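Here is what each chain is made of, one letter per residue.
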Amino acid sequence: MATKGNPGDNRSRSPLSSLFIVAGLCCFFYLLGVWQRSGFGKGDSIALEITKKAEDCGILPNLEYETHHGNQSSSFDDPNQEIKQIEPCAEQYVDYTPCHDQMRAMTFPRENMNYRERHCPPEEEKLHCLIPAPKGYVTPFPWPKSRDYVPFANAPYKSLTIEKAVQNWVQYEGNVFRFPGGGTQFPNGADAYIDQLASVIPIDNGTVRTALDTGCGVASWGAYLFKKNVLTMSFAPRDSHESQVQFALERGVPAVIGVLGTIKLPYPSRAFDMAHCSRCLIPWGANDGQYMMEVDRVLRPGGYWVLSGPPINWRNNYQAWQRPKEELEEEQRKIEEIAELLCWEKKHEKGEIAIWRKRVNNEYCRERDSRVTLCESSNAENVWYKKMEACVTPYPQTTNSDEVAGGELKPFPQRLNTVPPRIASGSVPGLSVESFQEDNKLWKKHVNSYKRVNKILDSGRYRNILDMNAGLGSFAAALESPKLWVMNVVPNIAEQDTLGVIYEQGLIGIYHDWCEAFSTYPRTYDLIHANGVFSLYKDKCNAEDILLEMDRILRPEGAVILRDHVDVLTQVKRIASGMRWNIKMVDHEDGPLIPEKVLFGVKKYWVAGDNNSTVSE
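This text gives an overview of the structure that appears in the document. Note that the coordinates shown come from a computational prediction; the quantities given were computed from them, not determined experimentally.

Criteria and thresholds
Residues numbered from 1 in each chain as written. Predicted model: local features only at pLDDT ≥ 70, side-chain atom pairs only at ≥ 80, totals over all residues. Heavy atoms only, no water. Helix = DSSP H or I, 4+ residues; strand = E, 2+ residues; numbered from the N terminus. Buried < 20%, exposed > 50% of the residue type's maximum accessible area, 1.4 Å probe, protein only. Contact = heavy atoms within 4.5 Å. Areas by Shrake-Rupley, 256 points an atom, 1.4 Å probe, with all protein chains shown as cover. Pairing = 2+ DSSP bridges. Right-handed = clockwise from strand over helix to strand, strands pointing away. Phe/Tyr/Trp six-rings, centres within 6.5 Å; stacked < 30°, edge-to-face > 60°. Lys NZ or Arg CZ within 6 Å of the ring centre and 35° of its normal. Salt bridge = Lys/Arg side-chain N within 4 Å of Asp/Glu carboxyl O. Axes fitted to C-alpha atoms, helices over the stretch in contact; angles between N-to-C directions. Disulfide = S-S within 2.5 Å.

Here we look at the overall build of the chain
For the chain, the helix and strand inventory stands at 18 helices and 19 strands. When each of the 617 residues of the chain is scored for burial, the buried share is 56%. Once local pairs closer than 6 in sequence are excluded, the contacts in the chain between residues at least 24 apart make up 70%. As displayed, the chain has an accessible area near 26200 Å², and 50% of this comes from carbon and sulfur atoms.

If you want it as structure tokens, here you go:
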């Protein structure tokens, strides 16, 4: 029986028309299905949920990616295999730091702090389970309240409240730790101490933007420098105090587990505007001055080095420090001698604070060159697991005595939007001014797209952010805000070494190999971004190991944004489906025909002892 209607109603639609209809429906359901919700678990419980209706809209069914965009053969697992459920680790691993494990550390030599450096487990000793949060874990307070208060349940260790009680580092008050802003060398508070430094160092006008705090304690110096718009990279070893770096990150302050020992610091040359040691117990005069030489390597020309505490002003303090005055006198003599060899100019010494300034170029330092061993200039950035040397890193060449070696940096925030000297001079192969500007433009577009999915991206909900493959730092530049900071990681196998470019924009970062664990405690990042990481490492190490490390360092209810080729993300999505994440893969913002996709995820709230299924619904 014929149906009534226009003759054209029964005609087949064209393939192009069908494609538009499918894409339109997918976009509709996708927009309908993305929202933020509260009240999940014991944290502040903001999470991304994806509706089942839009489950597969990120990959249109009539597009054959295997044909048009290559096959799926790689070191990743077969997508047709059954989803593997990854189980939680035992409760004893709540604060597990694989490459800084205490038991493993004690098997290494103590000389030159070797045992406190990175020592990662071999493959057969790696944990293949999800690190649990401690019972009672809650989402940290928002910044700036988090600077002063940390929930006790998140890092339940009281040793620092006892050992540093008279120094006003941290106090235990009921269900929180309070950080009064005190320190061993600033009993009147970090603000007063920083103001002292600012009377000598141009901290207030944006000239100083990036700082390095060696032996940072709970990083109160870096925490209070945020008021001055100074971004500080703090580090301290994982030692008997247990939670120094963990406390710093819980407070919302950039920090990593690290030490000046036998290998070079994982930062590029000429990175920091200021370096600082406040009673950090580093033997600066030892080993022919190589620790000061390493600080010189990472300090930009014209940068400042601050040393407060022993041995400065030893004549008035040797009794209080309970050390022989002859020993302290010799220690300061060595420091002064090495500073002179490095061609640092002493700008200030008052009380227990001494400040030196690195010369702006080599014109002032030609006499010293005959008395020191100069490092090979080509090795200044080649630092990953490289032995520290007692040599002086040469300045970049200049043409006159007023020129700043390596290029002068504008005050912040102007330097964030200025072409970095390393790019302008053409010193990074394959990069030009035009490609840098295009990259900035592209990532502003990407970030705007992210914000349409995760509407709280720049609300202050995410304070500690990690970019696993930072490139030129354009993701961090697009997000720049006092509400957040980004740890920009440049993988040691990246095609281009761009970490120096990142620092020249007034951002911070670190070198790392993602086949190994990151130098941080569990649950230290609120948001993790990874662009092309799994493609970069597909022939280097297992994708599951990288995902497990991401899970270890991501807070409960923290978010992930993974950008990669669809073939790769399909494999990643399958593995992540066996973890306690809610996940959704969506199209590139330019449409479904682009083979690059984006996977959004939110780590569910769960703590040690929870037995809920790991499979994402």
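A closer look at the pairing of strand 10 (residues 299-308)
A regular strand places its side chains on the two faces of the sheet in alternate fashion. Among the ten residues in strand 10, ten count as buried, and that is most of the element. Where strand 9 (residues 272-278) and strand 10 come together, six bridges link them in parallel fashion. By the bridge assignment for strand 10, His276 is matched with Val306. The handedness of the strand 9 to strand 10 crossover, carried by helix 9 (residues 290-298), is right-handed. The pairing of strand 10 with strand 12 (residues 353-358) spans five bridges and is antiparallel. Residue pairing in the sheet places Val306 in a bridge with Ile355 of strand 12.

Quick word on the packing of aromatic side chains
Each aromatic ring pair is characterised by the separation of its centres together with the angle its planes make. Within this structure, the stated rule accounts for 20 aromatic pairs. Judged by centre distance (5.1 Å) and plane angle (80°), the rings of Trp284 and Trp305 are edge-to-face. Residue Trp284 is located in the loop between strand 9 and helix 9, and its partner Trp305 is located in strand 10; the two are separated by 21 residues in the primary sequence. For Trp284, a relative accessible area of 3% puts it in the buried group. Seen from the ring of Phe141, Lys145 lies directly overhead, with NZ or CZ sitting 4.3 Å from the centre. Of note, Arg580 hangs over the ring of Trp606, and the distance from its end group to the ring centre comes to 4.1 Å.

A word on the pairing of strand 9
Along strand 9, seven of the seven residues are buried, which leaves the element largely enclosed by surrounding structure. Pairing geometry for strand 6 (residues 210-214) and strand 9, over three bridges, is parallel. Looking at strand 9, one finds that Asp213 is bridged to His276.

Considering the pattern of salt bridges
What the rule picks out here adds up to 37 salt bridges. Two residues, Asp148 and Arg147, come together in a salt bridge whose shortest N-O distance is 3.0 Å. Of the two residues, Asp148 and Arg147, both sit in the buried class. The residue Lys264 makes a salt bridge to Glu389 at a minimum N-O spacing of 3.5 Å. Of this pair, Lys264 sits in the loop between strand 8 (255-257) and strand 9 while Glu389 sits in the loop between strand 12 and helix 12 (421-424), and the two are 125 residues apart along the sequence. On the basis of relative accessibility, which here comes to 10%, the residue Lys264 falls in the buried class. Glu389 sits in the partly exposed class, given a relative accessible area of 38%. Residues participating in the shared-partner salt-bridge network are Glu123, Lys126 and Asp545.

Comments concerning the sheet that holds strand 8
In space, the seven strands of this open sheet follow the order 8-7-6-9-10-12-11, with mixed pairing throughout. Only two strands of the sheet have a single partner each, and these edge strands are strand 8 and strand 11 (344-350). Recorded for the sheet is a direction-independent mean angle of 20° between the axes of neighbouring strands. Looking at chain direction, strand 6 and strand 7 (residues 231-236) are connected through five bridges and run parallel. Of the residues in strand 7, the one forming a bridge with Thr214 is Phe235. Contacts from helix 11 (residues 325-341) reach strand 10, strand 11 and strand 12, with the element oriented near 145° to strand 11.

Considering the state of the cysteines
Simply put, disulfide is the name for a covalent bond between the sulfur atoms of two cysteines. Evaluation of the coordinates by the stated rule reveals six disulfides. Across a sulfur-sulfur distance of 2.0 Å, Cys99 and Cys120 are joined as a disulfide pair. Between Cys99 and Cys120, the S-S torsion sits near 110°, and that sign places the bridge as right-handed. Placement of the pair is Cys99 in the loop between helix 2 (65-68) and helix 3 (102-105) and Cys120 in the loop between helix 3 and helix 4 (145-148), with a sequence separation of 21 residues. When the bonded cysteines of the chain are numbered from the N-terminus onward, they pair as 1-4, 2-3, 5-6, 7-8, 9-10, 11-12.

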